Amino acid sequence: SNEQLVRSIEVVDVFELVETTLQSMHTAYNRKFLLTGEGPIYANTDLEQLRQLLFILLDNARKYSEKEIKTTLLENELGTKISIMDYGNGIPKKDLEHIYNRFYRVDEDRNRKTGGTGLGMAIAKDIATRISVELTIESVVGFGTTVHIFIPKDQILSNF
Ligand code: ATP
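Everything in this summary refers to the structure shown in the same document. Just so it is clear, the structure is predicted and the values come from calculations on it, not from any experiment. (Residues numbered from 1 in each chain as written. Predicted model: local features only at pLDDT ≥ 70, side-chain atom pairs only at ≥ 80, totals over all residues. Heavy atoms only, no water.)

Let's talk about the packing of helix α2 (residues 47-63) against helix α5 (residues 120-130)
And then number 1: Packing of α2 against α5 brings their axes to within 9 Å, and their N-to-C directions diverge by 150°. It follows from the interaxial angle that α2 and α5 lie roughly antiparallel. Seen from above, α2 lies across α5 with left-handed handedness. Residues Gln49, Gln52, Leu53, Ile56, Leu57 and Asn60 of α2 form the contact with α5, whose participating residues are Gly120, Met121, Ile123, Ala124, Ile127 and Arg130.
And then number 2: The residue makeup of the contact of α2 with α5, split by class, is 7 nonpolar, 4 polar and 1 charged. (Axes fitted to C-alpha atoms, helices over the stretch in contact; angles between N-to-C directions. Helix = DSSP H or I, 4+ residues; strand = E, 2+ residues; numbered from the N terminus. Parallel < 35°, antiparallel > 145°, perpendicular 65-115°, else oblique. Left-handed = near helix turned anticlockwise from the far one by under 90°. Contact = heavy atoms within 4.5 Å. Nonpolar A, V, L, I, M, F, W, Y, C, P; charged D, E, K, R; others polar.)

Right, here's the structure in full:
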């Protein structure tokens, strides 16, 4: 659709965006979402796309874990990193490379109860490409998963 071609770049306070997104997740699901980091962090980005990306990743974090979800914002001379960490089941190594594929879900039996189509991460990857941020996943089975969104410094209106 045309909508996908429309870019609307504006100055966004990434810290505030993360904060308000966590707040609405907390309101919707009554789960504990913690935030570490300092704002404001201004970036030239697409507010709605970045918000949707955060939603997909936070939604997975709460769907596939039961404890609190920790989000960290880290700024350095290379850019800004948003890390979303859950203490869920984790994703087996063999599945990690497929996680961005459409309709791919890990361990059908385990996930049946949570529902879902397996489209979330494919959309997340598309958004990341479109707004030029880097998406990386670290996961340890039995410990949890951390997904990083890295916003390179050329998009940051920075103090560095
Ligand atoms: P939806 O289309 O509703 O997002 P989904 O959550 O199954 O459905 P994806 O977001 O694409 O789809 O995720 C694909 C699979 O990756 C999930 O089914 C799940 O097995 C695994 N997964 C994703 N995020 C996590 C996470 N934080 N912890 C554990 N497993 C995860």
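With respect to the side chain of threonine 80
And then number 1: Within the element layout of this structure, threonine 80 appears in strand β5 (residues 79-86).
And then number 2: Here threonine 80 falls in the buried class, since its relative accessible area comes to 0%.
And then number 3: Other than its neighbours up to four places away in sequence, threonine 80 contacts Ile41, Leu73, Leu74, Glu75, Ile149, Phe150, Ile151 and Ile156. (Buried < 20%, exposed > 50% of the residue type's maximum accessible area, 1.4 Å probe, protein only.)

Topic: the pairing of strand β3 (residues 42-45)
And then number 1: Here β3 shows a clear split, with Ala43 and Thr45 buried on one side and none of Tyr42 and Asn44 buried on the other.
And then number 2: Summarising the sheet, strand β1 (residues 10-13) and β3 pair through 4 bridges and their orientation is antiparallel. Looking at the pairing, valine 12 lines up with alanine 43 of β3.
And then number 3: When β3 meets strand β8 (residues 156-157), the two strands line up antiparallel, connected through 2 bridges. Residue alanine 43 lies in a different strand from β8, and its bridge partner there is isoleucine 156. (Pairing = 2+ DSSP bridges.)

A word on the sheet that holds β1
And then number 1: Here 3 strands make up an open sheet; going across it, the order is β1-β3-β8 and the pairing antiparallel. Two strands in the sheet have a free side with no partner beyond their single neighbour: β1 and β8.
And then number 2: Most of the contacts of helix α1 (residues 14-29) go to β1, to which it runs at about 60°, and overall it touches β1 and β3.

Topic: the sheet that holds strand β7 (residues 144-152)
And then number 1: Sheet architecture is open: 5 strands sit in the order β2-β4-β5-β7-β6, paired in mixed fashion. Edge strands, defined here as strands with exactly one partner in the open sheet, are β2 (33-36) and β6 (134-140). Going across the sheet, the axis of each strand differs from the next one's by a mean of 15°, ignoring polarity.
And then number 2: Of the strand pairs in this sheet, β2 and strand β4 (residues 69-76) are connected by 4 bridges, and their pairing is parallel. Bridging from a neighbouring strand, phenylalanine 33 pairs with isoleucine 69 of β4.
And then number 3: Across the sheet, α1 lies against β2, β4, β5 and β7, angled at about 165° from β2, the strand it touches most.
And then number 4: Here α2 sits on the sheet in contact with β2, β4, β5, β6 and β7, set at roughly 25° to β5.

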